[in-house]
Amino acid sequence: MTARIIDGNALSARVRGEIAERAAALTARGVQPCLAVILVGENPASAVYVRNKVSACEKAGIRSLRLDYAADVAPAEVMAKLAELNADPAVHGILVQLPLPPQFDEAAVLEAISVTKDVDGFHAENVGRLSQNQEAFLPCTPHGVMKMFEAEGVTLAGAEAVVIGRSNIVGKPMAMLLTNAGATVTVCHSKTRDLLFHTRRADILVAAIGKPRFVTGDMIKPGATVIDVGINRLPDGKLCGDVDFESSKDVAGLITPVPGGVGPMTITMLLENTVISADRAAR
Ligand code: GUN
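Predicted, not measured: the structure shown is a model, and the values here were computed from it.

As a further point, take the nonpolar core. One finds V163, M174, L205, V206, A207, A208 and L271 to be the most contacted residues of the largest nonpolar core, which totals 80 residues. When residues in this core are grouped by element, the largest group, 8 residues, is from helix α10 (residues 262-282). When we break this core down by domain, the ones giving at least three residues each are domain 1 (30-116) and domain 2 (140-262). Beyond its immediate chain neighbours, meaning those up to four positions away, V163 contacts G171, M174, A175, V185, V187, V206 and A208.

Right, let's talk about the UniProt feature "binding site: NADP(+)" (unreviewed entry) in the protein chain for a bit. On the UniProt side, "binding site: NADP(+)" (unreviewed entry) is annotated at positions that read G165, R166, S167 and I231 here. According to the C-beta neighbour criterion, G165 is buried, with 24 such atoms within 10 Å. When near neighbours in sequence (up to four residues on either side) are disregarded, G165 contacts V170, G171, H189, A208 and I209. Residue placement: I231 occurs in the loop between β8 (225-228) and β9 (232-233).

On to the pairing of β8, then. Residues T225 and I227 of β8 are buried on one face, and the alternating residues V226 and D228, pointing to the opposite face, are buried as well. Alignment of strand β7 (residues 204-207) against β8, held across 4 bridges, turns out to be parallel. Across the sheet, I204 pairs through a bridge with T225, a residue of β8. Of the strand pairs in this sheet, β8 and strand β11 (residues 254-255) are connected by 2 bridges, and their pairing is parallel. When the sheet's bridge partners are listed, V226 is paired in β11 with I255.

Another point: the site of the ligand. In the vicinity of the ligand, the contacting residues are L95, V96, Q97, L98, D120, C140, T141, I169 and T266. Residue composition of the shell around the ligand, by class: 5 nonpolar, 3 polar and 1 charged. When residues of the shell around the ligand are assigned to domains, at least three fall in each of domain 1 (30-116) and domain 2 (140-262).

Taking the UniProt record as the reference, the feature "domain: Tetrahydrofolate dehydrogenase/cyclohydrolase NAD(P)-binding" (unreviewed entry) is found at residues 139-280. The span residues 139-280 is 36% helix and 17% strand, and its two end C-alpha atoms sit 18 Å from each other.

Spatial strand order, β3-β2-β4: 3 strands in an open sheet with parallel pairing. Each edge of the open sheet is held by one strand with a lone partner, namely β3 (63-69) and β4 (93-96). If you compare each strand with its neighbour and ignore which way they point, the axes differ by 15° on average. Sheet topology note: the strand β2 (residues 34-40)/β4 ladder contains 4 bridges and is parallel. Across the sheet, residue L35 finds its bridge partner in β4, namely G93.

Thresholds, definitions, all that
All residue numbers here refer to positions counted from 1 along the written sequence of the relevant chain. Thresholds applied to this predicted model are a pLDDT of at least 70 for local features of residues and 80 or more for the giving and counting of side-chain atom pairs; totals over whole chains, interfaces and linings are not thresholded and use all residues. One nonpolar core equals one set of buried Ala, Val, Leu, Ile, Met, Phe, Trp, Tyr and Cys residues connected by C-beta atoms within 7 Å. Neighbour density around each residue's C-beta defines its exposure: 20 or more other C-beta atoms within 10 Å make it buried, 12 or fewer make it exposed, and counts between make it partly exposed, where C-beta atoms are placed from the backbone. Runs of E in the DSSP output that reach at least two residues are strands. Runs of H or I that reach at least four are helices, and both are numbered from the N terminus. Domain boundaries shown here were taken from an automatic or database domain assignment. In this description, a residue-residue contact is defined by the distance between C-beta atoms placed from the backbone, which must lie within 7 Å. UniProt positions are given in the numbering used here, feature names are shortened, and annotations may be inferred rather than shown by experiment. Here a strand pair is declared whenever DSSP counts at least two bridges between the two strands. Any residue whose C-beta atom, as set from the backbone, lies within 6 Å of a molecule or strand is reported as near that molecule or strand. For this scheme, ten residues count as nonpolar: Ala, Val, Leu, Ile, Met, Phe, Trp, Tyr, Cys and Pro. Four count as charged, namely Asp, Glu, Lys and Arg, and the remainder, Gly too, count as polar. Axis lines are fitted to C-alpha atoms, over the contacting stretch for helices. Their N-to-C directions set the angle, which ranges from 0 to 180 degrees.

Next comes the structure, spelled out in structure tokens:
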């Protein structure tokens, strides 16, 4: 069997088209959606992500404010900027690119962003709301994965879902979204005793580990839906995911590629959250 490949670029393009229409309608009413993006330091991967986010905003008719700080900036300076952005009615979304340099208390920075402008969905209040299945800004990567399930008609209620990785950005919120959707969820991580036992019984397998080609075909239940959240750069400069695509594509029923899978959906959901926030401000 050869898996059907989920085309994240195509789905992304469709959803971004709808987002651009909503942004244009809001702009016509005098409320152009606006996202502020803060980047501290020179982490090359973060710089690429931020550049892609700003460029995606531009293409969707969303205004962006990019704010760059040196790696040794005093946290108080960034906190003062956040207070200013929180109070600015023309700004609808605020994002601080992670990771931050060691002088920062990351949790304190995320909580300094207004809950109503927290388009990354990382503020403790939004995380708490998600855990209680209340309306909240959803973290963009797991939200993008949920959109893929919806677009592909993947049944979640009653499914055995296994998430590998327990990060605050992907693994934990992914597990919560799947739980809210009625899946039976297992979260695996570096301390899991028998990973194979779990992955081989997964109807839905989400890999968010950060290790190139970690998941191989022999770990996958035939016909499973396999979602690869990893973006790893190999020594030759090429990108690859956390799933070994070659050995997995003949076992899985549905699979996401890297690049062109989850990656574009993450940015799409960021744009959607920014438009949702602007829409609320326009009411
Ligand atoms: N670093 C890695 N992924 C993300 C993300 O989705 N948002 C932010 N702000 N930082 C990140």
